[in-house]
Amino acid sequence: GVEARGAKIMALDPAEMGKDDAVVLLRQGRVVPSDRYIRYHGKMPMELVGLVAKLADKWQPDFLAVDATGMGGPIADRLKELGYPVVRVIVGQTANEDDRFVLVRDELWGLMNDWLMDFPNVLPDCSILQSEMTSVPYTYDSSRRLKLKSKEYMRSKGLRSPDGGDAVAPTFAVPASGSYNDKP
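Definitions and limits used
- Residues numbered from 1 in each chain as written.
- Predicted model: local features only at pLDDT ≥ 70, side-chain atom pairs only at ≥ 80, totals over all residues.
- Heavy atoms only, no water.
- Salt bridge = Lys/Arg side-chain N within 4 Å of Asp/Glu carboxyl O.
- Buried < 20%, exposed > 50% of the residue type's maximum accessible area, 1.4 Å probe, protein only.
- Helix = DSSP H or I, 4+ residues; strand = E, 2+ residues; numbered from the N terminus.
- Phe/Tyr/Trp six-rings, centres within 6.5 Å; stacked < 30°, edge-to-face > 60°.
- Lys NZ or Arg CZ within 6 Å of the ring centre and 35° of its normal.
- Pairing = 2+ DSSP bridges.
- Axes fitted to C-alpha atoms, helices over the stretch in contact; angles between N-to-C directions.
- Contact = heavy atoms within 4.5 Å.
- Parallel < 35°, antiparallel > 145°, perpendicular 65-115°, else oblique.
- Left-handed = near helix turned anticlockwise from the far one by under 90°.
- Nonpolar A, V, L, I, M, F, W, Y, C, P; charged D, E, K, R; others polar.

## Section: the pattern of salt bridges
One pass over the structure, following the stated rule, counts 15 salt bridges. For E3, the salt bridge goes to R5, with nearest N and O atoms at 3.5 Å. Residue R5 is classed as exposed on the basis of its relative accessible area of 58%. Between R78 and E81 there is a salt bridge, with the nearest N and O atoms lying 2.4 Å from each other. Here the residue R78 and the residue E81 both occupy positions in helix α2 (residues 72-81), the gap between them amounting to three residues, near one helical turn. In this structure, a network of salt bridges that share partners links the residues D21, R39, E132, R160 and D163.

Listed below in structure tokens is the structure:
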């Protein structure tokens, strides 16, 4: 079997009310354990902070990658204020590898795809998570950089939000070595 090795990277893709789910999970190396993948629906921001804090106390992550875009910003700030090892991930920023990807979101999904294609890896036996990690349409810009289609585009085509994938992807904002430099 595949062993969980390296930094324990917990991630949160927040969501508030509406149709989307908030997803919390933990990835350690090639493994996302089934018991470290949880979905919440219809939670208010501070309620979500409490639930994530309780999980972080139990799971003891080395890093807590939070999509800090929109409502995720105050959630990340509160978790950091509570002493958790928060890495703020701003998915709308320019990608670090801006010759290959347009935005951080595109880059993290590209890294996640590379990880999925580099066997073996272990994911929860959950068809929803697996489909959400592989269902986002993409294109390339004129510079041949990967660009994911927006959630708004996906909704307009009747596709569900890729909440699970949006939780796994931020785990790649923290390299396996465990260091991360926020962009200015």
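Let us keep going from here.
## Some remarks on the packing of aromatic side chains
Tallied over the full model, the rule gives two aromatic pairs. Summarising the aromatic geometry, the rings of Y138 and Y140 are spaced 5.9 Å apart at their centres and angled 90° between planes, so their arrangement reads as edge-to-face. One Lys or Arg, R27, reaches over the ring of F172 and ends 4.0 Å from the middle of that ring. Its guanidinium or amino end placed over the ring of Y153, K149 lies 4.7 Å from that ring's centre, counting from NZ or CZ.

## Describing the sheet that holds strand β3 (residues 37-41)
Read from one edge to the other, the open sheet built from five strands follows the order β3-β2-β1-β4-β5, with strand pairing classed as mixed. If you trace the sheet from one side to the other, it starts and ends with β3 and β5 (86-89), each paired once. Strand-to-strand twist across the sheet, computed as the mean angle between neighbouring axes with direction ignored, equals 20°. Note that strand β2 (residues 21-28) and β3 share five bridges and pair antiparallel. Pairing of V24 across the sheet is with I38, part of β3. This element, helix α1 (residues 45-59), spans β1 (8-13), β2, β3 and β4 (63-67) of the sheet and lies at about 170° to β1.

## Regarding the packing of α1 against α2
Packing of α1 against α2 brings their axes to within 10 Å, and their N-to-C directions diverge by 45°. Our classification of the angle between α1 and α2 gives oblique. Crossing hand, α1 versus α2: right-handed. Along the contact surface, α1 presents P45, M46, L48, V49, V52 and A53, while α2 presents P74, I75, R78 and L79. Grouping the constituent residues of the contact of α1 with α2 by class yields nine nonpolar, no polar and one charged.

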